[in-house]
Amino acid sequence: MQAFWIDATHEGTQERYGEELRRWRHAFAVAEGEPEAGGVTLDPAHFAAAAWEAATRPAAEFPYVRRHSRVLDAACRRPEEAKGLLAVVELAVPAPVRVPAGWAGWQRESGDDRTYAPPPYERQTALTTLELRVPVPADRLPTPTHARAAGLPNLDDAQASLEALVTELNTVVAPFLRELEGGGDAGAMPEWLRTQIEADKATAETAGAGAWRYVAAHTGNRLEFDEQRGVDAIGFHEGDLLRPVEAIHIALHDPADVIARCEAALALLAFHGRDCAECWSGMPCRSVRLLATGYRRRPGWRDEWALPPGDEPTRG
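Residues numbered from 1 in each chain as written. Predicted model: local features only at pLDDT ≥ 70, side-chain atom pairs only at ≥ 80, totals over all residues. Heavy atoms only, no water.

### A word on the overall build of the protein
Part 1 of the reasoning: Within the protein, the secondary structure is distributed over eight helices and 14 strands.
Part 2 of the reasoning: Relative to its full complement of 316 residues, the protein shows a buried share of 37%.
Part 3 of the reasoning: Within the protein, contacts between residues separated by at least 24 positions form 61% of all contacts whose residues are at least 6 apart in sequence.
Part 4 of the reasoning: When the accessible area of the protein is evaluated, it comes to approximately 18,400 Å², of which 52% is carbon and sulfur surface. (Helix = DSSP H or I, 4+ residues; strand = E, 2+ residues; numbered from the N terminus. Buried < 20%, exposed > 50% of the residue type's maximum accessible area, 1.4 Å probe, protein only. Contact = heavy atoms within 4.5 Å. Areas by Shrake-Rupley, 256 points an atom, 1.4 Å probe, with all protein chains shown as cover.)

### Regarding the pattern of salt bridges
Part 1 of the reasoning: Taken as a whole and judged by the stated rule, the model has eleven salt bridges.
Part 2 of the reasoning: With a shortest N-O distance of 2.9 Å, Arg 194 and Glu 191 are connected by a salt bridge. Placement of both Arg 194 and Glu 191 in helix α4 (residues 189-206) is noted, with a separation of three residues, approximately one turn of the helix.
Part 3 of the reasoning: Take Arg 194: its relative accessible area is 23%, and that puts it in the partly exposed class.
Part 4 of the reasoning: As a salt-bridge pair, Glu 205 and Lys 201 come within 2.7 Å of each other at their nearest N and O atoms. Separated by four residues within a single helix, Glu 205 and Lys 201 lie in helix α4, roughly one turn from each other.
Part 5 of the reasoning: Among the residues examined, Lys 201 registers a relative accessible area of 18% and is labelled buried.
Part 6 of the reasoning: In the salt-bridge network here, residues are joined through shared partners; they are Glu 34, Asp 43 and Arg 78. (Salt bridge = Lys/Arg side-chain N within 4 Å of Asp/Glu carboxyl O.)

### A few points about the pairing of strand β6 (residues 85-93)
Part 1 of the reasoning: Among the nine residues that make up β6, eight are buried, leaving the element largely enclosed by the rest of the structure.
Part 2 of the reasoning: When strand β5 (residues 71-77) meets β6, the two strands line up antiparallel, connected through six bridges. Pairing of Asp 73 across the sheet is with Glu 90, part of β6.
Part 3 of the reasoning: Relative to strand β9 (residues 128-136), β6 runs antiparallel, the two being bridged by nine bridges. Opposite Val 88, over in β9, you have Arg 133 as the bridge partner. (Pairing = 2+ DSSP bridges.)

### A few points about the confidence of the model for the protein
Part 1 of the reasoning: In the predicted model, the protein carries a mean pLDDT of 82, and 82% of its residues have values of at least 70.
Part 2 of the reasoning: Mean pLDDT across the elements of the protein bottoms out in strand β14 (residues 230-231) (62) and peaks in strand β3 (residues 40-41) (96). (pLDDT = per-residue confidence, 0-100.)

### Quick word on the environment of Leu 307
Part 1 of the reasoning: Note that Leu 307 resides in the segment after α8 (286-293).
Part 2 of the reasoning: Through-space distance from the C-alpha of Leu 307 to that of Cys 285 is 9.7 Å; in sequence the pair is 22 residues apart.

### Examining the nonpolar core
Part 1 of the reasoning: Of all hydrophobic cores here, the largest spans 41 residues; its most connected members are Phe 4, Tyr 17, Trp 52, Leu 85, Val 89 and Leu 91.
Part 2 of the reasoning: Elements that contribute at least two residues to this core include exactly α1 (13-23), α2 (44-56), β5, β6, β9 and α3 (155-180).
Part 3 of the reasoning: Apart from the residues lying within four places of it in its own chain, the contact partners of Val 89 are Phe 4, Val 71, Asp 73, Ala 74, Leu 130, Glu 131, Leu 132, Leu 169 and Val 173. (Core = buried A, V, L, I, M, F, W, Y, C linked by side-chain atoms within 4.5 Å.)

### Observations concerning the packing of aromatic side chains
Part 1 of the reasoning: Overall, the coordinates contain six aromatic pairs when judged by the stated rule.
Part 2 of the reasoning: Look at Trp 192 and Trp 305: their rings are 5.3 Å apart centre to centre, the planes differ by 50 degrees, and that puts the pair in the tilted class. Residue Trp 192 is found in helix α4, and its partner Trp 305 is found in the segment after α8; the two are separated by 113 residues along the sequence.
Part 3 of the reasoning: Judged by centre distance (5.8 Å) and plane angle (85 degrees), the rings of Trp 301 and Trp 305 are edge-to-face. An identical accessibility class is assigned to Trp 301 and Trp 305; each is buried.
Part 4 of the reasoning: An aromatic cluster of at least three residues, connected via ring pairs, comprises Trp 192, Trp 301 and Trp 305. (Phe/Tyr/Trp six-rings, centres within 6.5 Å; stacked < 30°, edge-to-face > 60°.)

### Points about the environment of Gln 14
Part 1 of the reasoning: Relative to the assigned elements, Gln 14 resides in helix α1.
Part 2 of the reasoning: Of the residues examined, Gln 14 reaches a relative accessible area of 32% and is grouped as partly exposed.
Part 3 of the reasoning: With near-sequence residues (within four places) excluded, Gln 14 lies in contact with Tyr 64, Leu 155 and Gln 159.

Next up, the structure:
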């Protein structure tokens, strides 16, 4: 689980970052007493802070440094009389106390990033953040080599500074994210559960989406799929024949019934993804976990998704 990463998924992002460096050239202007080349600072901390600013601050369709949805803000600055940097990272976290009914919390916006955002202002809202202050020693930052041109920072130097900062910040911030997301696995459980339910629904729809019937007759038992199709070879016989109880079980879990149950389960997940304060905090609530336990024999299930000992449903 990463807090930050350099975007390499969209074509031309590095070129766009080079354009941002040109726009933000003023941030790289040499300060008194700093080494320089062509008017560009070669001080590792000053240069890295400016490179980070250019990669994270401008509003862009494809930001060059992307971040985890819980990271609300991340700024790097050089405190006075300090040789290194101070990174300040702000995370969206669950409320430390139980929020009274009627109050809203963080909501995850739709989209690729699914960033955390407050609800509309007309709602009573209680938002909790965690501020991490991370000192980054200067000796962990690369030293810039040269200017691209007079007053313009070198793209390769800026890239190296970003990589160093991303590595340093991930080391510190990622453990907090793993804790917030339930060990890094519980947070992925709702998506896994939704995949299982949608797969069952698709299979039922492919099977005809109809209702099946078990018909007991004087001449033999029959499992009917539709008017033209059925199974007559049912009975207490040796071999691969269905027993009546097996045929009844199949009929009770016909495609129509499976589709109805899947639609109800998907609606429940949608509700918890939209209106459940605990699920919005990043950890699936007890109701979602209970629903997921019904799929615990499926591939991909993780034992850490189970309810804590003593909180499991009772079995008759």
